[in-house]
Amino acid sequence: MRLELRAITKRFGSLVANDRIDLVVEPGEIHCLLGENGAGKSTLMNVLYGLYHPDEGEILVDGEVKRLQGPRDAIAAGIGMVHQHFMLVPVFTVAENVVLGDETVTAGFGGPLGWLDRRKARREVREVSERYGLPLDPDARIEDLPVGLQQRVEIVKALVRDAQVLILDEPTAVLTPQEIEELFTVMNTLREAGKSIVFITHKLKEVLAIADRITVIRRGRVVGTATAQMSEQELASMMVGRAVQLVVEKGPGTPGDNAFEVSDLTVLDQHGNRAVDGISFAVRGGEILCIAGVDGNGQSELAQAILGLIPVQAGSITLDGRQLVGGGPRRTLDAGVGFVPEDRSRDGLVAGFTVAENLVLDLYKSKPFAGAFSLDLTAIGKNAEARIAEFDIRPTDPDLPAGTLSGGNQQKVVVAREMSRPLRLLVASQPTRGVDVGAQEFIHKRIVAERDQGRPVVIVSTELDEVLALADKIAVMYRGKIVGVVPPDTSREQIGLLMAGITDSAAAAQRSAAPAGGTAGGTAADHVEPGEGADDGAAGPDRKREGTGS
Amino acid sequence: MTATAAELTAPAARGLDRARLIPGLAQAAVGAYALWAFGLGARTASGAKAAVGMALNPNAPGALGMQTFPAAPVAIALSLVCVVCGVARAFAPLGPAARRGLTVGYVVSFVLAFLVWASAGTSTLGGVSLPGVLNNTLIVSVPLILGALCGIICERSGVVNVAIEGQFLFGAFSSAMAATMSGSVWIGLVVGALSGALLGSLLAVLANRYHIEQVVLGVVLNLFALGLTNFLYDKLLSPKAAEFNQPPVFQAIRIPGLADIPVIGPVLFDQNILFYLTFLIIAVLQVGLFRTRWGLRTRAVGEHPRAADTVGIKVLGTRYRNVVMAGLISGLGGVWLTIGQVGSFTTNMSAGKGFIALAALIVGRWSPVGALGAALLFGFAGGLNNALAPLGTPLPGQVLSMAPYLATVFVVASLGGIVRAPAAENQPYVKD
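For chain B, the name recorded in an unreviewed UniProt entry is ABC transporter permease, with Actinocrinis puniceicyclus as its organism. A UniProt comment under Subcellular location (unreviewed entry) is attached to chain B, and it reads "Cell membrane".

Looking up chain A in an unreviewed UniProt entry gives the name ABC transporter ATP-binding protein, with the organism given as Actinocrinis puniceicyclus. What UniProt states about chain A under its Subcellular location (unreviewed entry) heading is, verbatim, "Cell membrane".

Structural data, given as structure tokens:
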């Protein structure tokens, strides 16, 4: 099926989200739609799926103009969509979700009161999943499935409806590296079966890995087309509209004395397991320590324990000699700790508050934002204007609810708040998760600037690229322990092995012989060789579902 | 958030789950109390006989006579069953189904022990009439069931309906009036159901189109219904009762054969058409919600409306249709109050039943059969109270009427599992 969009324009009030966009998707190709957050990619796809009605322009399927009044028309025209926030009913089974809206009914009273044909629903799921190599249990409940499988359900749902063009809206944002590999395999299978895929993303590496053709969108307009032969640098410049530094500019640090020390820290997760298991490390002033590891190996709990959000079972956390354990978040913040949480929408922002209010969430009760009896709204407004200009937060209206901003700009609000007061330590979890290239560059620069002012910085990140770009020292966490502390020029392969829990057996023996805390900042395992050691621990811990959107 | 000391030493204590231990032991303790109070207390002492009437109308020809048996041993045995159930629940490694069974067994034994105790030495007064208790229970339950079913349909599609009380009043008022004026109970029934749907459509429009907070909206609609029916009662029904408020009532339809079953026959199979209709609606809805296309779509709209929208289901259309249709059912609940039972309308005659129906649907976990169970439990309050009133038990009637609600809390807590409302409840659907 050949799909063509001609001069699609979509306006929301005065905002032109899509400005005369042309796009052709040939049969059997993977067409990447590349653009920053808020560039208008999702709007365009919602137009294509019939969720929005374009103000101008037309959609052609195999040369024939189609008027898509709603998703039903789009589905009938052979268009399927996997939304960024999955459109799955969490309490329904896989089969129920797949057939919803397109149910086969037997006997009963016909029409709406027709009896659901569950057997056929299961069979359809099985057939499609076998044909395209997407194994699924039709009777599993969606909420019990990991995110990767939920996405698979969405794909099967579109295929059961005989979609010829499949739109994948930011499909990799929620996946682990392994799941992304699997998704790419599936995409290749579908391409070979003659389906076309529109792949929406802002991640350059993924585009170059899989795309047949690339259309770049910036501020609602097509700014160019590209092929997978282009370099990341060229694509990034095209996407952002200016030259972007993909490599963080970072001179050699001038580390001082140990400023932030964690020793023998043990933290339990909500099930009583040791999420953080007796770890020790130290960060010097003017040094960035990156904590690498596959998601779910205790990094989140470590970061939360540093802030004082969850209780510490044993061990100590000291900043400039002051004990932070037991004080709770307020005292930790007052001690000069800036904290960027990993999940900004849950822990970083109050979505319904305005940008201006969010920018003083931690300072609302101190001068100059609080008077004797009430908030000083003028001061809060001035602060907001200054931060918005400094951190290039868009749109620039301080009175918009924070929840209406794009992900990248929400993150900038959090970073702006946390970095705009005098700090003695910066802790940032996943500082650039779901953030586009432009904002990423900016946030990285600010983090390096903090270091250059002599502050200790702890970055928790599951993105190896980010770790390698920022770190002065890398600590790899695996199942609650630090399995190695390595310098930033260590090879990716070596760090990858550590992330899978594979250490040199000799080093492992040495560690277990050493007293507790033997893995402290660079004592025991500064250089870990890729080992022939046990590989039984290679499988990462199971990832839990991260919510099903909406 | 804060881990307790017990949780920190969890590995050692894993075998005994506190979540099972505490309710189990509490049950056992209450069972032991029952043993002391019901089995060994003064009322059952000295060989008093428990007396249970077995017929709804003892004077009818061929009716089963009153049964008597020694109260103390039976009460002791039943109390011991309670204790055993509680202990087993606390310590035995049982699956959820087995634990649920134990809880049900516990509640039944406890209630029976109580009845034996209450009826001890009352044979001269006719004893506790078993069919009487059952009959009262069912009659009180019918409007609760209908109201809860209405709420289930609404909430399953994502609209909270707190206006069930108002729909009862509308249904009761208009059916009494229509039946009086036309002289036909059937016209009363249709008009009553329609007037419930009328209030329902008001709710649907204000909630779906104008996005008014649905709980507040429901409360306002209740006050509106109360005010309007009070006003019309004062101006119309009360002064001109003969013209407007002396309706015929539905007569019982005796189902031959089944109605002759001892004890339960006359209770279940000698009732009016509304009674049978109620149970028919339960069955249809139970199957409809979980086995049909309508049910799947309704639940999808109540859980994740956007997902439903993206597969071409009309979210608002589904909500309008369901809320109006549900209004018909709660309108029937109102019909039951007047021409299904007493006949004429009196002010505020729903007297909070709409809210109890709301509780029944939550206790019944948004399922028609669950709501039936919960409504019967609540209905048991009235039934028991009426049956025991003439027997002179030491317990005041108010305490008795409290008991089922206490039992509800107890049962819900110990049945376990997560009670979860439809996810999109009370959220207006706005396309962006």
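On we go.
(A) Just the overall build of chain A, in detail. A count of helical and extended segments in chain A gives 18 helices and 22 strands. For chain A, restricting intrachain contacts to residue pairs at least 6 apart in sequence, the fraction spanning at least 24 positions comes to 69%.

(B) Looking closely at the overall build of chain B. Along its length, chain B carries 18 helices and five strands. Taken over C-alpha atoms, the radius of gyration comes to 24 Å for chain B, in line with the 22 Å a tight globule of 432 residues would show. The principal-axis extents of the C-alpha atoms in chain B amount to approximately 65 × 65 × 40 Å. Here chain B holds 432 residues, and the buried ones make up 49% of them. When contacts within chain B are restricted to residue pairs at least 6 apart in sequence, long-range pairs at least 24 apart make up 77% of them.

(C) Quick peek at the interface of chain A and chain B. Contact with chain A, which involves 27 residues of that partner, is made by 21 residues of chain B. Among the secondary structure elements, those contributing two or more residues to the side of chain A that touches chain B are helix H2 (71-76) and strand E8 (115-116) of chain A. With three residues, H2 of chain A is the largest single contributor of residues to the side of chain A that touches chain B. Looking at the side of chain A that touches chain B residue by residue, the classes come out as 15 nonpolar, eight polar and four charged.

(D) The arrangement of helix H6 (residues 130-156) of chain B in detail. Residues and elements named next belong to chain B. When the terminal C-alpha atoms of H6 are compared, their 36 Å separation across 27 residues agrees well with the 39 Å that a helix rising 1.5 Å per residue should span. Of all the bends in H6, the largest measures some 35° and sits at Ser141, one to four residues before the proline Pro143. Among the 27 residues of H6, 26 are classified as buried, and the element is accordingly described as predominantly covered. Positive phi shows up at Gly158, right after H6, with a value of about 100°.

(E) Focus on the nonpolar core. By size, the foremost hydrophobic cluster in this structure holds 108 residues, and its most contacted members are Ala113, Val116, Ala148, Leu149, Ala360, Ala371 and Ala375 of chain B. Here this core gets 14 residues from one element, more than from any other, and that element is H6 of chain B. Two domains each donate at least three residues to this core, and these are domain 1 (18-129) and domain 2 (138-376) of chain B. Among residues more than four places away in sequence, those in contact with Val116 of chain B are Phe38, Ala50, Ala71, Val74, Ala75 and Leu78 of chain B. By size, the runner-up hydrophobic cluster in this structure holds 80 residues, among which are Ile59, Leu145, Ile155 and Phe199 of chain A.

(F) Here's a closer look at the pairing of strand E12 (residues 221-226) of chain A. Residue and element names in this part refer to chain A. Across five bridges, the pairing between strand E11 (residues 213-218) and E12 is antiparallel. Looking across to E12, one finds that Ile217 is bridged to Val222. Between E11 and E12, which pair antiparallel in sequence order, lie two residues; one of them, Arg219, sits at a positive phi of approximately 45°.

(G) Structural view of the sheet that holds strand E3 (residues 128-129) of chain B. Residues and elements named next belong to chain B. Pairing is mixed across the open sheet formed by three strands, whose spatial order is E2-E1-E3. The sheet is open, and its two borders are formed by strand E2 (67-70) and E3, each paired with just one other strand. Summarising the sheet, strand E1 (residues 49-53) and E2 pair through four bridges and their orientation is antiparallel. When the sheet's bridge partners are listed, Lys49 is paired in E2 with Pro70. Sheet strands touched by helix H4 (residues 71-91): E1 and E2. Its angle to E2, the strand with the most contacts, is close to 75°.

(H) Quick peek at unusual backbone geometry. Residues and elements named next belong to chain A. Note the cis peptide between Arg394 and Pro395, where omega equals -5°. Here Pro395 is to be found in the loop between helix H13 (377-390) and helix H14 (407-418). Backbone geometry places Arg20, a non-glycine residue, at a positive phi of 45°. Among the residues examined, Arg20 registers 14 C-beta atoms within 10 Å and is labelled partly exposed. Positive phi, close to 50°, is recorded for Asp264, a residue that is not glycine. As for its placement among the helices and strands, Asp264 is situated in strand E13 (residues 258-268). With 15 C-beta atoms counted inside 10 Å, the residue Asp264 sits in the partly exposed group.

(I) Broad picture of the pairing of strand E15 (residues 287-292) of chain A. Residue and element names in this part refer to chain A. Along E15, six of the six residues are buried, which leaves the element largely enclosed by surrounding structure. Here E15 shows two buried faces, one formed by Glu287, Leu289 and Ile291 and the other by Ile288, Cys290 and Ala292. Judged from the five bridges that link them, E15 and strand E20 (residues 456-460) form a sheet pairing that is parallel. Paired with Cys290 across the bridge in E20 is Ile459.

(J) Expanded view of the environment of Ile281 of chain B. Residue and element names in this part refer to chain B. Summarising the element assignment, Ile281 is placed in helix H12 (residues 273-291). For Ile281, a count of 19 C-beta atoms within 10 Å corresponds to the partly exposed category. Measuring from C-alpha to C-alpha, the distance between Ile281 and Pro368 comes to 9.0 Å, with 87 residues separating the pair along the chain. Those residues in contact with Ile281 that lie beyond four places of it in its chain are Leu149 and Ile329.

(K) Up close: the domain arrangement of chain B. Per the domain assignment, the segments of chain B are domain 1 (18-129) and domain 2 (138-376). Computed over C-alpha atoms only, the centres of domain 1 of chain B and domain 2 of chain B are separated by 35 Å.

(L) Highlighting helix H15 (residues 315-342) of chain B. Residue and element names in this part refer to chain B. A rise of 1.5 Å per residue sets the reference length of H15, with its 28 residues, at 40 Å; its end C-alpha atoms lie 40 Å apart and thus fit the reference within 8%. Of all the bends found along H15, the most pronounced is centred on Val335 and spans about 40°. Among the 28 residues that make up H15, 22 are buried, leaving the element largely enclosed by the rest of the structure. In the segment just after H15, Gly343 is the residue with positive phi, at about 105°.

The rules we used
Residues numbered from 1 in each chain as written. Chains lettered and ligands numbered in written order. Predicted model: local features only at pLDDT ≥ 70, side-chain atom pairs only at ≥ 80, totals over all residues. UniProt positions renumbered as here; feature names shortened; annotations may be inferred. Helix = DSSP H or I, 4+ residues; strand = E, 2+ residues; numbered from the N terminus. Contact = placed C-beta atoms within 7 Å. Rg over C-alpha atoms; globule rule 2.2 N^0.38 Å. Buried ≥ 20, exposed ≤ 12 C-beta atoms within 10 Å, placed from the backbone. Nonpolar A, V, L, I, M, F, W, Y, C, P; charged D, E, K, R; others polar. Expected span 1.5 Å × (residues − 1). Bend = angle between axes of the 7 residues up to and from the residue. Core = buried A, V, L, I, M, F, W, Y, C linked by C-beta atoms within 7 Å. Domains from an automatic or database assignment. Pairing = 2+ DSSP bridges. Axes fitted to C-alpha atoms, helices over the stretch in contact; angles between N-to-C directions.

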